[in-house]
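Here are the chains, one letter per residue:
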Amino acid sequence: TDQFLKDYDPHLKNLNKNQIVETIEAEISRRRSIHPKKVANRQIIKESYNFLYPTLLIPDPLNLASLKKEDVKTELSGVYSFPLLPKDECKQLLEEFLHFKQSNLSHQRPNSMNKNGILLEELGLDSLIHRIVKHIEPIAKELFPDLVGENEGFDSFKAFTVEYDGQQDARNPDLELDTHFDNAEVTLNIPLTQGFEGSELYFEYKNGFKSLQMEVGRAILHSGRLLHGVMPIEEGYRHNIIIWMRSSEVRNRMCPMCKEVPQLEKVEETTGDGFTTIENQN
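Keep in mind that what you see is a predicted model, and the values were worked out from it rather than measured.

Visitor: Lay out the overall build of the protein in plain terms, naming residues and giving numbers.
Guide: Counting its regular elements, the protein contains six helices and 12 strands. Against the globule reference of 19 Å for 282 residues, the protein gives a C-alpha radius of gyration of 19 Å, in line with a compact fold. With respect to the principal axes defined by its C-alpha atoms, the protein has extents near 55 × 50 × 50 Å. Counting across all 282 residues of the protein, residues that qualify as buried make up 46%. Looking at the protein as shown, the accessible area adds up to about 15,500 Å², and 47% of this sits on carbon and sulfur atoms. Between the averaged position of the 33 positive side-chain charges in the protein and that of its 45 negative side-chain charges there is a distance of 2 Å.

Laid out in structure tokens, this is it:
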């Protein structure tokens, strides 16, 4: 925080610096606790949660659509879409996630911007997500050759759900998402719902932004570095799976968040933020 105050002092005039520092330190603490909490929550969920669809835990539970280059549509420069999941499997996943939320078991927020959603690793769905990532990897290498490691490809991921709720009885909902970039080399977005109004996904485009319409089961693939956000939801409910696909070969050279060579802190029992220390590369 001392370095932050030094670097940004001219921009902090007439602002409550103490409150800003407290907010930053609280967020640093939250981020450092994510991985140990993930391990603890995962164990509790494994022991206590009864899956609505236990088949989601088998090694290959999904009927993923075959993926060929001709199936990929260019929505705009650097943003692509293609069919990935049939609607009945999207419905099954959605029902499972809502069933879990009703269990009231402890789980963390999906990221620093969204309040509502689930970390899918806490739910024990690593195999399912890994299957999707490896299914996507060949086409991602073609579309984003500089963002997918030549040797290991995507060697880790962060997968979570996001929810935007415009219903009148919604409690503390997420309504929109400010413009941002992701802590990912490549991001996969899988829509699970339809019938809502607003909540368009938008991307930086030329001198402004351009929004996309989403279709259940049709995935959207884009560089994590591309600025994007979500317009306010006006009516209904939107639920998506987001997978931040990471390549340590790429991010070890430059952190995608600060654009500098990363200084690493070791984490136990998880892949952390997708960086790899030298000893783990051997």
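Visitor: So what's going on with the state of the cysteines? Residues and values would help.
Guide: A full pass over the atoms with the stated rule returns zero disulfides. Lacking any disulfide linkage, C255 is separated from the closest cysteine sulfur, that of C258, by 3.8 Å.

Visitor: Explain the sheet that holds strand β2 (residues 79-83) to me, using residue names and the numbers behind them.
Guide: Taken in spatial order, the six strands line up as β1-β2-β9-β5-β12-β3 in an open sheet, and their pairing is antiparallel. One side of each edge strand has no neighbouring strand; the edge strands of this open sheet are β1 (73-76) and β3 (156-165). Strand after strand, the sheet turns through a mean of 25° between neighbouring axes, direction not considered. As judged from the four bridges shared by strand β5 (residues 186-191) and strand β9 (residues 218-223), these two strands associate in the antiparallel manner. Bridge pairing in β9 places N189 opposite I220. Of the strands in this sheet, β3, β5 and β12 (237-246) are in contact with helix α3 (residues 87-103), which crosses β12 at around 95°.

Visitor: Tell me about the pattern of salt bridges, and name the residues and values.
Guide: Overall, the coordinates contain 13 salt bridges when judged by the stated rule. The closest approach of N and O atoms between K134 and E137, which form a salt bridge, is 2.8 Å. Within this pair, K134 and its partner E137 are both found in helix α4 (residues 126-143), separated by three residues, close to a single helical turn. Overall, the relative accessible area of 12% leaves E137 in the buried class. Overlapping salt bridges bring together E27, R30 and R31 as one network.

Visitor: Report on the layout of surface pockets, specifying residues and quantitative values.
Guide: Its boundaries defined by the atoms lining it, the second largest pocket holds a volume of some 310 Å³. Forming the boundary of the second largest pocket are 17 residues, of which R42, E121, E122, G124 and D126 lie nearest the centre. Per element, the largest residue contribution to the lining of the second largest pocket is six residues, and it comes from helix α2 (residues 17-48).

Visitor: Outline the confidence of the model for the protein, supporting the account with residue identities and numerical values.
Guide: Per-residue confidence for the protein gives a mean pLDDT of 91; residues scoring 70 or more make up 97%. Contacts from residues 278-282, a stretch scored under 50 in pLDDT, to residues over four places away or in other chains number two contacts.

So, how was this worked out
- Residues numbered from 1 in each chain as written.
- Predicted model: local features only at pLDDT ≥ 70, side-chain atom pairs only at ≥ 80, totals over all residues.
- Heavy atoms only, no water.
- Helix = DSSP H or I, 4+ residues; strand = E, 2+ residues; numbered from the N terminus.
- Rg over C-alpha atoms; globule rule 2.2 N^0.38 Å.
- Buried < 20%, exposed > 50% of the residue type's maximum accessible area, 1.4 Å probe, protein only.
- Areas by Shrake-Rupley, 256 points an atom, 1.4 Å probe, with all protein chains shown as cover.
- Lys, Arg positive; Asp, Glu negative; His and termini not counted.
- Charge placed at Lys NZ, Arg CZ, Asp CG, Glu CD.
- Disulfide = S-S within 2.5 Å.
- Pairing = 2+ DSSP bridges.
- Axes fitted to C-alpha atoms, helices over the stretch in contact; angles between N-to-C directions.
- Contact = heavy atoms within 4.5 Å.
- Salt bridge = Lys/Arg side-chain N within 4 Å of Asp/Glu carboxyl O.
- 1 Å grid on protein atoms, 1.4 Å probe; cavity = no way out; pocket = protein on both sides within 12 Å on 5 of 7 lines; lining within 4 Å.
- Points joined across faces, edges and corners; volume = space filled by probe spheres on them.
- pLDDT = per-residue confidence, 0-100.

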